[in-house]
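One letter stands for each residue in the lines below.
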Amino acid sequence: MPHWTQLVAEKKERQFKSIPQEWLVSPPPDSTLDVTGFPETCGLLTAREIEITNTSVVVLLEKLACGEWTAVDVTTAFYKRAIIAHQLVNCLTEIFVDYALARAAELDDHFKRTGKVVGPLHGLPISLKDQICYVSWIGRYAERNAVLVDVLVECGAVPFVRTNLPQTVMWPESFNNIFGRTTNPYNRSLTPGGSSGGEGALVALKGSPLGVGSDIGGSIRIPSAFCGLYSLRPSYGRVPYCGALNSLEGQDSVLSVFGPMTNSVNGVKAFMKAVINAKPWLKDPLAVRKKWQEEEYNLADHGSGKDLCFAIMWDDGVVVPHPPIRRSLEITKTALENAGHKVVDWKPMKHRLLADTTRNIWNAASAEDYMITTSVTGEPIIATMELDDSNAAAAPFRPKKIGITAYQLWQVQKLRKDIRKEYLDHWEATVSETGTGRPVDAIICPASSYAATPHGKNRYTNYTTVWNALDYPAATFPVTTVDPTLDAKKPRHVFYDDFDRGIYDMYDPEIFKNAPICLQLVGRTLEEEAVIKMTEIVDEALAAAK
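As the structure is a computational prediction, the values presented were derived from the model and not from experiment.

### Notes on the overall build of the protein
Scanning the protein from terminus to terminus reveals 18 helices and 13 strands. For 546 residues, the compact-globule estimate of 2.2 N^0.38 gives 24 Å, and the C-alpha radius of gyration of the protein, at 22 Å, lies within 12% of that figure. Oriented by its inertia axes, the alpha-carbon framework of the protein measures out at about 60 × 55 × 50 Å. Counting only carbon and sulfur atoms, one obtains 54% of the accessible surface of the protein, whose full area is about 21,300 Å². Taking the average location of the 57 positive side-chain charges in the protein and that of its 64 negative ones, the two points are 2 Å from each other.

Right, dumping it as structure tokens:
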């Protein structure tokens, strides 16, 4: 077998040749950190293409469904903008222009002949997070699509690019030995997060109207939070996963899930409703047999959406968030109270233990999984995502070299099961403080203890991982951006521990300047419809408060 570096070089050459040469631009110098305005000023996009790529998912679908815009025009506009985005932040892996445009032309031909759309996502370009993160997987071509891709195609969508991720997939940043590092379009010295970081950066630059990420510990929500996006981590089985390649395959206790990442909350709903209504349980044996419930979306179990009670988790009892995160929570609390809703405090329960238990499940054999996979080519396992790795500290979520026995794993899984029951009872008990006759309707909490960090510094993921452990659906929504004046560093004298102090010490408002701030809205297992609706309610309250 060729040396792993040769395989990478050949793969990168194939990737470059897949880019239409007329879509190449002259990107700004590396010293230009914020590149969000570049796609519309570089001269490649026409005025109509700029209009198309600035349009929300629901409006795009309306214009495609009435024939005002063709699928070819919409796909071309987003493809050109995606290629621009790639040249700015290195977000793409697979580029297949001919396939996507041929698919779009088929949809246009169907519409022209019948006057009808193929499905609810007719003509919508959708980007897909890649799962190919190892050199040894280069050339390992799938015999068939993942079930989700087939479902999206049946719904009329146009898959058009795949996006970058970290080696192993199990990292909250996006860097691998094949495609390199993805950067944050708001500040290229910062990470877009991970593992769906290529997706986050692409959608933030409006190179895709809607992307599919995967999430096992925060991999949809962290990049969405770092890039200012709406997203949803659904419960296990609500979106089909069958047929998708992944690391840690066979670990089926804390599962990875697919979910949407987009620039509007209506895009989250459009994706989830279309996929669920396609009855994915007929194609994926692990998909939950639950149709889209309109009454749940209308909050039948939450007082029909009137006088909701939200609980804000100011910190998780492990790490106190940076000042911009605290300010975003305060903004959201005020907006909800002004909209007539009640807000109480959420008391976190065993969050450190929940996150540690989850990592112990993953790490039962993850080091062996990584070693076996990379040994085929001799590809080195990445130990840090820092730019200078000469004295970088090992990331706390990397596995130890020795796994645990099956019996030891059973005990960890039992502990998680027991904590899930405790957390359910903890949530139910909040009925005594809401005043609505119901427990808290949803939790609002940080998606991270900080905004997008410098590369290699995203070292804490518990704010997202605990909800994976509990299998609670969680959405992200944007609130504000880091403002060095409003978010000045304040002295702290009490810390949970040295790790908490280290997170505090890394904050410098000038380093994080302009980074987006998003929060999470968390519901209960399989409550996706309600979580989406309550996120819409929060989003409307925030808009009204501006």
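### Things to note about the side chain of T183
Here T183 shows up in the loop between β5 (180-181) and α7 (197-204). Given a relative accessible area of 14%, T183 falls into the buried group. Leaving out residues up to four positions away in the same chain, T183 has contacts with L88, V89, R188, L190, P192, A201 and H455.

### Some thoughts on the nonpolar core
Within soluble globular proteins, side chains that are nonpolar generally end up buried alongside one another. Residues L152, I444 and W467 are the most contacted members of the largest nonpolar core, which totals 133 residues. Ranked by residue count, the leading element in this core is helix α4 (residues 71-89), at 11 residues.

### Quick notes on the pairing of strand β11 (residues 442-446)
The buried fraction of β11 amounts to five of the five residues, a majority that puts the element mostly inside the structure. Summarising the sheet, strand β9 (residues 309-312) and β11 pair through three bridges and their orientation is parallel. Within β11, the residue paired with A311 across the bridge is I443.

### As for the pairing of strand β13 (residues 516-522)
Across the seven residues that make up β13, a large majority, seven, are buried. On β13, burial covers both faces: P516, C518, Q520 and V522 on one face and I517, L519 and L521 on the other are all buried. Bridge count for β11 against β13 is four bridges, and the pairing is antiparallel. Across the sheet, residue I443 finds its bridge partner in β13, namely V522. Of the strand pairs in this sheet, strand β12 (residues 474-481) and β13 are connected by seven bridges, and their pairing is antiparallel.

### Topic: the pattern of salt bridges
Tallied over the full model, the rule gives 29 salt bridges. Where K347 meets E433, a salt bridge forms, and the shortest distance between an N and an O atom there is 3.9 Å. Residue K347 is located in the loop between β10 (342-345) and α12 (351-362), and its partner E433 is located in helix α15 (residues 431-434); the two are separated by 86 residues in the primary sequence. K347 sits in the exposed class, given a relative accessible area of 52%. In this structure, D356 and R359 form a salt bridge, with 3.3 Å as the shortest nitrogen-oxygen distance. Pair noted here: D356 and R359 are both in helix α12, with a separation of three residues, about one helical turn. Taking relative accessible area as the criterion, D356 reaches 34% and is therefore assigned partly exposed. Taken together, the salt bridges that share partners define one network made up of R238, K290, E296, E528 and E529.

### Thoughts on the sheet that holds β10
Spatially, β1-β3-β2-β6-β8-β7-β12-β13-β11-β9-β10 is the arrangement adopted by the 11 strands of the open sheet, whose pairing is mixed. The two strands at the open ends of the sheet, each matched to only one other strand, are β1 (92-95) and β10. Sheet twist, expressed as the average angle between the axes of neighbouring strands with direction ignored, equals 30°. Across the face of the sheet, helix α18 (residues 528-545) comes into contact with β7 (230-233), β9, β11, β12 and β13 while running at roughly 15° to β12.

### Concerning unusual backbone geometry
With an omega of 10°, the peptide bond running from G194 to S195 counts as cis. Backbone geometry places T168, a non-glycine residue, at a positive phi of 75°. In this fold, T168 is placed in the loop between β3 (158-163) and β4 (175-176). One non-glycine residue, L248, lies in positive phi territory at about 55°. By the secondary structure assignment, L248 is in the loop between β7 and β8 (257-262).

Parameters and conventions
- Residues numbered from 1 in each chain as written.
- Predicted model: local features only at pLDDT ≥ 70, side-chain atom pairs only at ≥ 80, totals over all residues.
- Heavy atoms only, no water.
- Helix = DSSP H or I, 4+ residues; strand = E, 2+ residues; numbered from the N terminus.
- Rg over C-alpha atoms; globule rule 2.2 N^0.38 Å.
- Areas by Shrake-Rupley, 256 points an atom, 1.4 Å probe, with all protein chains shown as cover.
- Lys, Arg positive; Asp, Glu negative; His and termini not counted.
- Charge placed at Lys NZ, Arg CZ, Asp CG, Glu CD.
- Buried < 20%, exposed > 50% of the residue type's maximum accessible area, 1.4 Å probe, protein only.
- Contact = heavy atoms within 4.5 Å.
- Core = buried A, V, L, I, M, F, W, Y, C linked by side-chain atoms within 4.5 Å.
- Pairing = 2+ DSSP bridges.
- Salt bridge = Lys/Arg side-chain N within 4 Å of Asp/Glu carboxyl O.
- Axes fitted to C-alpha atoms, helices over the stretch in contact; angles between N-to-C directions.

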